[in-house]
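# Understanding the architecture of this molecule
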Amino acid sequence: MKKLFLIFLVVIMVPNVLLVLSEHQDFWTAACNLLLPLGLYWLAASSCSKLGRSIWLMFPFIFMAAFQIVLTRLFGQSIIGVDMFLNVVTTNMSEINELLGNLIPAVAMVFILYIPVLVMACLAMRRRRRLDASFVKQQRRMAMVCIGFGIACGIVAHNSRKPMRLIDDIFPVNVSYNLCLAVERYWKSEHYAATSKGFTFHAKPISNTPHRGAGGLFVLVIGETARAANFGVLGYERNTTPKLSKMEGLTAFGKAYSESNTTHKSVPMLLSAVSSVDFDSLYRQRSIITAFREAGFRTAFFSNQRRNGSFIDFFGEEADVCKFIKDDAPTGQDVLDGRLIDYAQREIAQSRQPLFVVLHCYGSHFNYRERYPRSFARYQPDDAMEAKSENRHNLLNAYDNTILYTDYMLDRLVSVLRSTGKEAVMLYTSDHGEDIYDDGKHFLHASIVPSDYQLHVPLFVWTSQSYAASHVKVVEALKRNSTANVSTSLSLFHTMLQMAGVATPALVPSHSVADSLYVSPRRYFINDRNEAVQLH
């Protein structure tokens, strides 16, 4: 039993040791992060002689420790954030399976560390084994001394040049705080229908908008995990966008940034008048789809992602036609983004009124190799699917093939729009980007500390010849603003409505890249706790 006591204290402290190393904490903060939690675990384990029961009562902390180890393996730093907890309830099983299959070492480490301890605790309870009373008293005294030293170190750290904060720097206090925030946000999301009831944009068409009588077409394409650095049309050394690079009527924005590196925050900001500085107002508003409907447009929302109970679902269902195309596919079956064009084409062919369509892609989401047909596997080899830094070349090849397929898909969509002869606009951007072991350490997205690769996204606006002829000043503004800094989370809503000739008090011309009054915004990133952090 004494060995089990010691083993438990060692394994439960692994996340704290990893965080001290990965976060490069200063001496006093590190000392507090090690001594204070150790003392509290120590005291809890010696709270009574029934050690097996004590260990199982602390199972929530064991679970958080295991989760933290996996997260550290995935991102190389940081704690379990609010968004990570929300991802557990808003990520579908197919995405989870794709990711977990590449975290075998971390999952194996968790099993090796914690399963034996839990099994031994069960055996101790079953056999009614107890710690000696004298041992328990001695451990309590030592635990109190450890807690005292931890508190002292915390006081020094709190008054240092870089003050320590319990809710930021001490595990598992920080994670427990984040869990409470996640529960609060989940509750707000569940009650969104009530808090947004009665909301209106007071949107209406501008009476002198030429394209309305001709049944104008406006399509918003939201990519997934597409980073600007890998688009040939934006300067990438590989020609991953042969069609976009030659496309007439296309304006490419090279300095576009998302304000979030998570899908469940970025996409709602793209689809609404909300940005990082007022994100919490999202629970009281509706999306751009409602604004278009109020202005007399027919609306359609087609997604190649599965429903997950997030704002993406809520906003999509505002449309006249809402379809998550994977609903009809067996779980785990790959459905390529090209299918979205089929749905859009049918809607465009049937519409006899101005039309607004949103296409939500699966784009370049890991596992990359499953996002394109084999005929688009230009960059080889692309068969390595395991998330390891030594596989970066293969992973990058597969990722670039996803961009090549996106290029094809957008070209096909433009061809459909062009063939109608109507005034048409297509806007494409991505929710966020991706790390692909660019520094040898970091992979994927949604880390609490984002890299430039996770936030720098592509932004393209295509206009038909007839639209450009009727809106010369708009096209001129697009070209002039193409070299300016753009926050897609802030600008997309205003740009799309202005180009479609929709008037609403919510529209701010200086946020629209299609307006001569456009002003480059300060760059912000919405952190894990929904706070807008200015980036430099």
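What you see is a predicted model, and the numbers here were worked out from it, not measured in a lab.

### A look at the overall build of the protein chain
- If you tally the helices and strands in the protein chain, you get 22 helices and 15 strands.
- Radius of gyration (C-alpha) of the protein chain: 26 Å, near the 24 Å computed for a compact globule of 536 residues.
- Along the three orthogonal principal directions, the C-alpha set of the protein chain runs to about 90 × 50 × 40 Å.
- Expressed as a percentage of its 536 residues, the buried residues of the protein chain come to 57%.
- Residue pairs at least 24 apart in sequence account for 76% of intrachain contacts in the protein chain once pairs closer than 6 positions are excluded.
- Carbon together with sulfur atoms contributes 58% to the accessible area of the protein chain, which is approximately 22600 Å² in total.

### What to know about the sheet that holds strand β5 (residues 298-303)
- Ordered in space as β3-β11-β8-β2-β7-β5-β6, the seven strands form an open sheet in which the pairing is mixed. Strands at the two margins of the open sheet, each flanked by one partner only, are β3 (250-253) and β6 (321-324). For this sheet the average axis-to-axis angle between neighbouring strands, irrespective of direction, equals 10 degrees.
- Where β3 meets strand β11 (residues 459-463), four bridges bridge the pair, whose relative direction is antiparallel. Of the residues in β11, the one forming a bridge with T251 is V461.

### Some thoughts on the pattern of salt bridges
- Overall, the coordinates contain 15 salt bridges when judged by the stated rule.
- One salt bridge in this structure joins K188 and E184, with 3.8 Å as the shortest N-O distance. Residue K188 and its partner E184 are located together in helix α11 (residues 173-190), separated by four residues, close to a single helical turn.
- Judged by relative accessible area, E184 falls into the partly exposed class, the value being 41%.

### Things to note about empty space enclosed by the protein
- Applying the stated criterion across every chain, the model contains six cavities of 30 Å³ or more.
- Size it by volume and the largest cavity reaches roughly 200 Å³.
- Around the largest cavity sit 14 residues that line it, and L86, S189, H264, Y283 and F311 are the ones nearest its centre.
- Going through the elements one at a time, α6 (82-90), α11 and α14 (263-270) are the ones with two or more residues in the lining of the largest cavity.
- Considering each element in turn, the lining of the largest cavity owes the most residues, three residues, to α11.

### Brief notes about the nonpolar core
- Counting 101 residues, the largest nonpolar core has Y114, V221 and L359 as its most contacted members.
- Those residues in contact with Y114, other than ones at most four positions away along the chain, are V11, I12, V14, P15, I62, A65, A66 and I69.
- Counting 52 residues, the second-largest nonpolar core is a separate cluster that includes A256, F324, L459 and M496.

Conventions and cut-offs
- Residues numbered from 1 in each chain as written.
- Predicted model: local features only at pLDDT ≥ 70, side-chain atom pairs only at ≥ 80, totals over all residues.
- Heavy atoms only, no water.
- Helix = DSSP H or I, 4+ residues; strand = E, 2+ residues; numbered from the N terminus.
- Rg over C-alpha atoms; globule rule 2.2 N^0.38 Å.
- Buried < 20%, exposed > 50% of the residue type's maximum accessible area, 1.4 Å probe, protein only.
- Contact = heavy atoms within 4.5 Å.
- Areas by Shrake-Rupley, 256 points an atom, 1.4 Å probe, with all protein chains shown as cover.
- Pairing = 2+ DSSP bridges.
- Axes fitted to C-alpha atoms, helices over the stretch in contact; angles between N-to-C directions.
- Salt bridge = Lys/Arg side-chain N within 4 Å of Asp/Glu carboxyl O.
- 1 Å grid on protein atoms, 1.4 Å probe; cavity = no way out; pocket = protein on both sides within 12 Å on 5 of 7 lines; lining within 4 Å.
- Points joined across faces, edges and corners; volume = space filled by probe spheres on them.
- Core = buried A, V, L, I, M, F, W, Y, C linked by side-chain atoms within 4.5 Å.

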